[in-house]
Amino acid sequence: MAEKIIKVPILDMLEKHRNKKSISMHVPGHKNGVVLPIEAPRSFSSVLSWDVTELAGLDDLHEPEEGIKEAEALLAKFYQTKKSYFLVNGTTVGNLAMILASIEPGDKVLVQRNCHKSVMNGLKLAKANPIFLTPVIESDISIGVPYETIYNSLNDHLDVKAIILTYPNYYGLGVDLASIIKRAHKKGILVLVDEAHGAHFAAGAPFPPSAVNLGADIVVHSAHKTLPAMTMGSYLHINSELVNQERVEGYLRMLQSSSPSYPIMMSLDLARAYLESYSEKDKEYLIEQIESFKQYLRRHEELCIFESENSDIQDPLKLVLYHKNGMSGFELQKLMEQAGIYSELTDELHVLLVLPLLKKSQPYSVDDIIQRLERINWITGEQTRISLASNPLKNKQQHMESVLAISYEEMDIMPRKRISLAHACGEISAETIVPYPPGIPLIQKGEIITYDMVQKCTSLLTQGAKIQGGVYLKQQQIEVFV
Ligand SMILES: Cc1ncc(COP(=O)(O)O)c(C=O)c1O
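Residues numbered from 1 in each chain as written. Predicted model: local features only at pLDDT ≥ 70, side-chain atom pairs only at ≥ 80, totals over all residues. Heavy atoms only, no water.

Caption draft 1: Spotlight on the domain arrangement of the protein. Under the domain assignment used here, the protein contains domain 1 (57-276), domain 2 (280-374) and domain 3 (404-481). On a C-alpha basis, the centroid separation for the pair domain 2 and domain 3 is 32 Å. Each partner contributes residues to the interface: domain 2 has five residues there, and domain 3 has seven residues. Regarding the contact of domain 2 and domain 3, the summed buried area is about 510 Å², with carbon and sulfur atoms giving 55% of it. In this structure, the connection of domain 2 to domain 3 is made through one salt bridge. For the salt bridge of E348 with K456, the shortest nitrogen-to-oxygen distance reads 2.5 Å. Our count for the domain 2 to domain 3 interface comes out at three residue pairs in polar contact (both at pLDDT 80 or more). Considering only residue class, the side of domain 2 that touches domain 3 consists of two nonpolar, one polar and two charged. (Domains from an automatic or database assignment. Contact = heavy atoms within 4.5 Å. Buried area = accessible area lost by both parts, 1.4 Å probe. Salt bridge = Lys/Arg side-chain N within 4 Å of Asp/Glu carboxyl O. Polar contact = N/O pair within 3.5 Å; in protein donor to acceptor, adjacent residues only side chain to side chain. Nonpolar A, V, L, I, M, F, W, Y, C, P; charged D, E, K, R; others polar.)

Caption draft 2: Broad picture of the sheet that holds strand β11 (residues 303-305). Strand order in the open sheet formed by four strands is β11-β13-β15-β14, and the pairing between neighbours is antiparallel. For this open sheet the edge positions go to β11 and β14 (345-346), each flanked by a neighbour on one side alone. Inspection of the sheet shows strand β13 (residues 318-323) paired to strand β15 (residues 350-354) by five bridges, in the antiparallel sense. Counted as the bridge partner of K318 is V354 from β15. Here helix α12 (residues 329-338) sits on the sheet and contacts β11, β13, β14 and β15; the angle it forms with β15, its principal contact strand, is near 45°. (Pairing = 2+ DSSP bridges. Helix = DSSP H or I, 4+ residues; strand = E, 2+ residues; numbered from the N terminus. Axes fitted to C-alpha atoms, helices over the stretch in contact; angles between N-to-C directions.)

Caption draft 3: Fine view of the sheet that holds strand β1 (residues 83-87). Across the sheet, which stays open at both edges, the eight strands sit in the order β1-β10-β9-β8-β6-β2-β3-β16 with mixed pairing between neighbours. Among the strands making up the open sheet, the edge pair consists of β1 and β16 (401-402). When strand β8 (residues 190-194) meets strand β9 (residues 218-221), the two strands line up parallel, connected through three bridges. Among the inter-strand pairings, D194 is bridged to a residue of β9, identified as V220.

Caption draft 4: Inspection of the pattern of salt bridges at higher detail. For the structure shown, the criterion picks out 19 salt bridges. For E63, the salt bridge identified is with R253, shortest N-O distance 3.8 Å. In this pair, E63 is assigned in the loop between α2 (42-48) and α3 (67-79) and R253 in helix α9 (residues 245-255), connecting sequence segments 190 residues apart. Residue class for E63 comes out partly exposed when judged on its relative accessible area of 49%. A relative accessible area of 40% means that R253 is categorised as partly exposed. In this structure, D269 engages R272 in a salt bridge whose closest nitrogen and oxygen atoms are separated by 2.8 Å. With a gap of three residues between them, D269 and R272 both fall in helix α10 (residues 262-276), about one helical turn apart. For the pair formed by D269 and R272, the shared burial category is buried. Several salt bridges share partner residues, and in doing so they unite K4, D269, R272 and E276 into one network. (Buried < 20%, exposed > 50% of the residue type's maximum accessible area, 1.4 Å probe, protein only.)

Structure, rendered in structure tokens:
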């Protein structure tokens, strides 16, 4: 059978331009990568040679008519959407545009409590009225909001405009979205999905189903997370007639740079082409590699693979490891880094490895990872045996919903004071505290601080977790509203 020809219009367009050997009398200032300090490595100069601007024949992301239009049409065709867009400012901008285009001030929105901070920022900008839904937690990992919670909330609130969910979570886990989408659509409610970690799901089984195929109205993908795209490269897909396309486009124009990066756009085009050419044979090879790595891990004396009992899906590209005898995730990560293995994320218990969407021809070896793991000296001087501080998102409480204690408008004008974190329980936080990665708020501005939140924050600080927000956290203090 003849091999399918996969088109890459942005690459073609840029190559055509390069072949002209033209003189750059335009921005950017590096002039096709030739005006650079001598310290700049040659490989950097060669990347910059692709970094051009909206010249004749190179189209314009904000008004696409040529190669970018064709590339976005190929993207929509591949994902089978109504309309798809390249994003040059990550899923962050996609989430902002998705929310701003769908929600009017005061609109009631059901929102998964552990959404990414870009969703929370989008809600604030849109002046939404969010009702936060508590996800199921397992081994300190938030899996997703179960159908029953959404069903009950939709019965309690008859005026919900949209539901915003993360699917899958950072760890490749999640709930069955199909029934949630069906229920929401029965009531004419929009389902907006941050599928940052699932751009590759469109490759089909054994990957979980994509929210696009399940019928979510808008879906945003961080192509740069699991596809071979450059950092900041994402896709936004409009997938139904319920979405106001003009508004989405208006916000994308407003929120994205007027000088979008051509290397990022080219990488987005190439990433789609890569996925489009990802064959059943490639999948077989990938799964074989993953299985051989897992078999090694199953025999390992120190490491265990975390397998969720509550998740309805499992992305094969995500491997979550923990230490058999309770070494903290942070310590585990340090040991692995000493062996030259850099993981994606760590929490108190786990280390998350993101595996590549591998094809046979690529120089990425599981054996190399295994050899490096073998070199690790697991006997360290001081091992913290981790006893988990309870997670504030844990659904042990009766209430599966929570709301902000004050409105976004009040947050802008209310006075604040700094107090000790230990005494913050019951106060309204004036800061959003976000462990990063994963970038999911632990405490949100405007939310009542609970005992569990204080415990969790203190525990993360003690273990040296990276935390964004919380200017005085290192001094064990937090700002609250008065
Ligand atoms: C669930 C989720 N949504 C959105 C984002 C933001 O994506 P990006 O880095 O593409 O802006 C992240 C980043 O980690 C994420 O984990």
